[in-house]
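Report on the structure
So you can see what is in the structure, the chains are spelled out below.
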Amino acid sequence: MAGPPRFDFHSDLQQAGQTAGEQEQQSRQLLRELVFSRAEHEPEFKRALAANPEKVLQEEARRMGAELDEALIQETKERYSTAIIGASEREVTKLVFDTLWNVRKSFERTLALSQWLFYVGLGLTVTAFLVGVFAPGKEMIAGIFGGGGILTLISYAVMNPLDRIRNAAANLVQIQIAYVSYYKQLNMLGGAGGDRMSLDDAVKYSSELRKGAVEMIEAVQRIVERTAPFDLRVQGSSKDGGEASKQD
Amino acid sequence: MVFRGLRERVTERGELVDVLDRHLNPERDHEIDVYDLEDVFDGFAKVGTSAVILVDGWEIILRNQNYWGDFFHIVRSMGQRQPHGVAFVLGTPRRLLDLWADQMGSVYYNIFVTVTIGRMEQAEVQECVRQTLKTAGLSANLEAEEVVLVASDTHPYLVTLVTYLVTDQLKTNGVIESGGISAALRDPNGKVVELMRQIRAALSPTERAWLDKLHLATAPQKAALAQLRDYGLLPPGTKL
């Protein structure tokens, strides 16, 4: 009958595995601290890290015998931007997209104001009509309301807010195209010091991107025909004022 | 550069030197390119001596996207030329097919024969211990074989390491001290912990998570981990 094994190294091997796991955790933390500390004190290292975080982190991890995890790569990418060295990726993204957000907000306000103007004019006219019909002797009030409403509606028609809104929308789209293209170019050219993309390639791709963005903007301009904002001087002095404003 | 280095070392066979001189002559009118390499290997084949290129850690090359595409096509085309003037022997922690991604371009892996070296058979371990003891001038020792079998979990690296430890103890003290072997296995700065870390580094994050929470692993997860044993990627001592 076979007895229990004379030697048992199972617990030793398990202990070794546990130690390896603990060392892995520690080395991961050490790698993180080392990389960010070097980036803080060595501008060249920081630039290389921003240009190609995967490669630099892998080299550092190999040198330390540590394991590189995806979370550190992501954190590095967020911390060091390829677009603007010195700023974090989050800051650059915020800068670009906040600008877009502001333009969009402006467009939305213009739209809301225009709608408000229309409804107020309509409301005043209807009120004047109701006062005139149902409240005899209040002709003065009805006249004020009616005059105000008609003036508002006339100004709505003359100022041509629908065209202005359409132009604002077209401008918004163009600004978005231009800004996103600019952001992409910043990323391409910002990484030129590293080896993610050669300088020639970055310039070439950036140029192609710029051409594409310009073509797209021109297409938007063709689709949404721009009209000039209301200007009495242009309206009164020349018939080709609209054409002139298209040159803007 | 590699072949010029080779040229400096090859002194025994005149034919090989001739082949290298003919194709790697620096006075030729162009830079050495892949066609010159093909000519070199074809030249080797003609004189009946193939070059064997050994690459350990091939997965490191696979991770570098600069190699994707043409490089693997070249590996494939060179490996298939007849008669064979070159042979590639690649060391990877997993099968080449498992490490391949379609973005790599060439399906180079299917010109390779896979030889899996994961765990050793019991008989192989015993033979290894016998041979080592014999080489060290010691007689066969059943206790040594048992210690190596248990302490190594039949992992090739540990078989070699524990066999060395046991042989050393027998030569020095004449007896096997299990305490010394335990200490070597547990040593935080030792080779076993280093091996465990290398194994863990070769695992995917999911596999590592399953391994760390083995008591929560489901049957399919345990089955997936059991397959790692075939590649030597299950840390020795792991009981599923």
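Because the structure is predicted, anything quoted here is derived from the model rather than measured.

The rules behind the values
Residues numbered from 1 in each chain as written. Chains lettered and ligands numbered in written order. Predicted model: local features only at pLDDT ≥ 70, side-chain atom pairs only at ≥ 80, totals over all residues. Helix = DSSP H or I, 4+ residues; strand = E, 2+ residues; numbered from the N terminus. Buried ≥ 20, exposed ≤ 12 C-beta atoms within 10 Å, placed from the backbone. Contact = placed C-beta atoms within 7 Å. Nonpolar A, V, L, I, M, F, W, Y, C, P; charged D, E, K, R; others polar. Axes fitted to C-alpha atoms, helices over the stretch in contact; angles between N-to-C directions. Parallel < 35°, antiparallel > 145°, perpendicular 65-115°, else oblique. Left-handed = near helix turned anticlockwise from the far one by under 90°. Pairing = 2+ DSSP bridges. pLDDT = per-residue confidence, 0-100.

Concerning the overall build of chain B
Secondary structure assignment for chain B yields 13 helices and two strands. Counting over 240 residues, chain B shows a buried share of 20%. Long-range contacts, defined as pairs at least 24 residues apart, comprise 59% of the intrachain contacts of chain B with a sequence gap of at least 6.

Quick notes on the interface of chain B and chain A
The partner chain A presents 17 residues to the 22 residues of chain B that form the contact. Going through the elements one at a time, α8 (142–152), α10 (178–186) and α11 (191–202) of chain B are the ones with two or more residues in the side of chain B that touches chain A. Ranked by residues supplied to the side of chain B that touches chain A, first place goes to α11 of chain B with six residues. Among the residues forming the side of chain B that touches chain A, the class breakdown is 12 nonpolar, four polar and six charged.

Some thoughts on the packing of helix α1 (residues 10–41) of chain A against α11 of chain B
Contact geometry of α1 of chain A with α11 of chain B gives a least axis separation of 8 Å together with a crossing angle of 60 degrees. With respect to their mutual orientation, α1 of chain A and α11 of chain B come out oblique. Of the two possible hands of crossing, α1 of chain A and α11 of chain B adopt the one that is right-handed. From α1 of chain A, A16, G17, T19, A20, Q23 and E24 of chain A reach across to α11 of chain B, where they touch V192, V193, M196, R197 and R200 of chain B. Within the contact of α1 of chain A with α11 of chain B, the residues separate by chemical class into five nonpolar, three polar and three charged.

Observations concerning the pairing of strand β1 (residues 51–56) of chain B
All names here are of chain B. With respect to burial, β1 is a largely exposed element, only zero of its six residues being buried. Two elements, β1 and strand β2 (residues 86–91), share six bridges in a ladder whose sense is parallel. Bridge assignment links A51 to a residue of β2, and that residue is V86.

Notes on the confidence of the model for chain B
All names here are of chain B. Of the residues in chain B, 94% reach a pLDDT of 70 or more, and the chain-wide mean stands at 87. When pLDDT is averaged over each element of chain B, helix α7 (residues 122–135) comes out on top at 95 and helix α1 (residues 2–9) at the bottom at 69. Across the interfaces of the predicted complex, the ipTM metric reaches 0.75, alongside a pTM of 0.58.

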